[in-house]
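# Structure at a glance
If you want the building blocks of each chain, they are given just below.
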Amino acid sequence: MKLTRRQWVVALLIGFAAILAALFGWRAAQIGSTAAFDDRQSVSETVKVQQQDITVTVASVSDARAYARYVADYAVAAALDIEAQAIAAAGSPRLAALAREEAQSLRRGATRRAADAGVFGPFSISDDLRAPEPTPRPFDLDARAAAIAAETSTALDSPGKLDPARWAAEAEAIRDRVVGLVSWAFFCLVAVLLFTVSQVWRDRPAVFYGSAAVGLVVLVFAVIGSFATGFFA
């Protein structure tokens, strides 16, 4: 049966709508794999962030324990100083000097052990090693934890700056685009159905033109909507 010009136009619109629906589906599948990659990156970086947090926490607790020992040694040294004063008052200056020297030696040893444990910097304790202060050095656990975190993130084997939230947000944005592409593909298939109805009922002008007109509106809506919303970018 020979097709009229209007029927050829509808047939071409059916082909165009079907190809466009397939194109939307292909694009959705293509960017869907990117969303899966972003999800894996988000999970991987989340694990690495937790590992870094554990490392920082363990190191901070270790430093706090070493500082507690350092303070305890200083407390013993302070007790020796009081004892030296009592000995000196009792008339034994030589024994008092020995007690004071023992206190100073204890402070130097405590400072050295704390530095070896990483509580203090090796260059910041040089004065205390020569002439220890009678009171212990201060220690800020939060500041130490921040310093350890900075050292961990800048180490040679560090994965660099981790931002799992960014990967998760990108994956979610891609999934939104996939949903949009699938929606536009559905509209294209609706247009194909309407054009097909128009072809089947081509002997009835009202049905033919009505179905074709509605199908064309749906197809134009899908094309304009997909590009306007950036789902096909």
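Worth saying up front: this structure is predicted, and the values here are computed from it rather than measured.

### Things to note about the overall build of the protein
- Each helix and strand counted, the protein has six helices and zero strands in total.
- Element order for the protein, N to C, with α for helix and β for strand: α-α-α-α-α-α.
- Taken over 233 residues, the protein has a buried fraction of 30%.
- Working note: accessible area of the protein is about 14100 Å², and carbon and sulfur atoms make up 67% of it.

### Some remarks on helix α2 (residues 93–116)
- The end-to-end C-alpha distance of α2 is 34 Å, a good match for the 34 Å that 24 residues give at a rise of 1.5 Å each.
- Among all positions of α2, only A96, A99, A103, R107, G109, A110, T111, A114 and A115 are buried.

### A short note on the packing of helix α5 (residues 164–200) against helix α6 (residues 205–228)
- Where α5 meets α6, the axes come as close as 8 Å, and the angle between the chain directions of the two elements is 165°. Considering the angle they form, α5 stands roughly antiparallel to α6. For the pair α5 and α6, the crossing hand works out as left-handed.
- Tallied by class, the residues present in the contact of α5 with α6 amount to 17 nonpolar, six polar and no charged.

### Looking at the environment of S183
- With respect to the secondary-structure elements, S183 resides in helix α5.
- Along the chain, S183 and A222 lie 39 residues apart, while their C-alpha atoms are 8.6 Å from each other.

### Observations concerning the nonpolar core
- Grouped together as the largest cluster of nonpolar side chains are 23 residues, with contacts concentrated most on V10, F24, C188, A191, F195 and L219.
- Formed by 10 residues, the second largest nonpolar core is a distinct cluster that contains Y67, Y74, V119 and F120.

### Some details on the packing of helix α1 (residues 5–89) against α2
- Following both chains from N to C, one finds α1 and α2 inclined at 170°, their axes separated by 8 Å at the closest point. As summarised for this structure, α1 and α2 are arranged roughly antiparallel, according to the angle between their axes. Of the residues in α2, those in contact with R69, Y70, D73, Y74, V76, A77, A78, L80, D81, A84, I87 and A88 of α1 are L95, A96, A99, R100, E102, A103, L106, R107, A110, T111, R113 and A114.
- Residues belonging to the contact of α1 with α2 are distributed by class as follows: 16 nonpolar, one polar and seven charged.

### With respect to the packing of aromatic side chains
- Throughout the structure, instances matching the rule amount to seven aromatic pairs.
- The interplanar angle of 80° and the centroid separation of 5.3 Å between the aromatic rings of F187 and F221 together place this pair among those described as edge-to-face. Of this pair, F187 sits in helix α5 while F221 is found in helix α6, placing the two residues 34 residues apart along the sequence.
- When its relative accessible area of 29% is taken as the criterion, F187 is described as partly exposed.

### Some remarks on the side chain of S198
- As for its placement among the helices and strands, S198 is situated in helix α5.
- There is a polar contact of 2.7 Å between the side chain of S198 and the backbone oxygen of F208.
- When neighbours within four sequence positions are excluded, S198 is seen to be in contact with V10, F208, S211 and A212.

Here is what the cut-offs are and how they apply
Residues numbered from 1 in each chain as written. Predicted model: local features only at pLDDT ≥ 70, side-chain atom pairs only at ≥ 80, totals over all residues. Heavy atoms only, no water. Helix = DSSP H or I, 4+ residues; strand = E, 2+ residues; numbered from the N terminus. Buried < 20%, exposed > 50% of the residue type's maximum accessible area, 1.4 Å probe, protein only. Areas by Shrake-Rupley, 256 points an atom, 1.4 Å probe, with all protein chains shown as cover. Expected span 1.5 Å × (residues − 1). Axes fitted to C-alpha atoms, helices over the stretch in contact; angles between N-to-C directions. Parallel < 35°, antiparallel > 145°, perpendicular 65-115°, else oblique. Left-handed = near helix turned anticlockwise from the far one by under 90°. Nonpolar A, V, L, I, M, F, W, Y, C, P; charged D, E, K, R; others polar. Core = buried A, V, L, I, M, F, W, Y, C linked by side-chain atoms within 4.5 Å. Contact = heavy atoms within 4.5 Å. Phe/Tyr/Trp six-rings, centres within 6.5 Å; stacked < 30°, edge-to-face > 60°. Polar contact = N/O pair within 3.5 Å; in protein donor to acceptor, adjacent residues only side chain to side chain.

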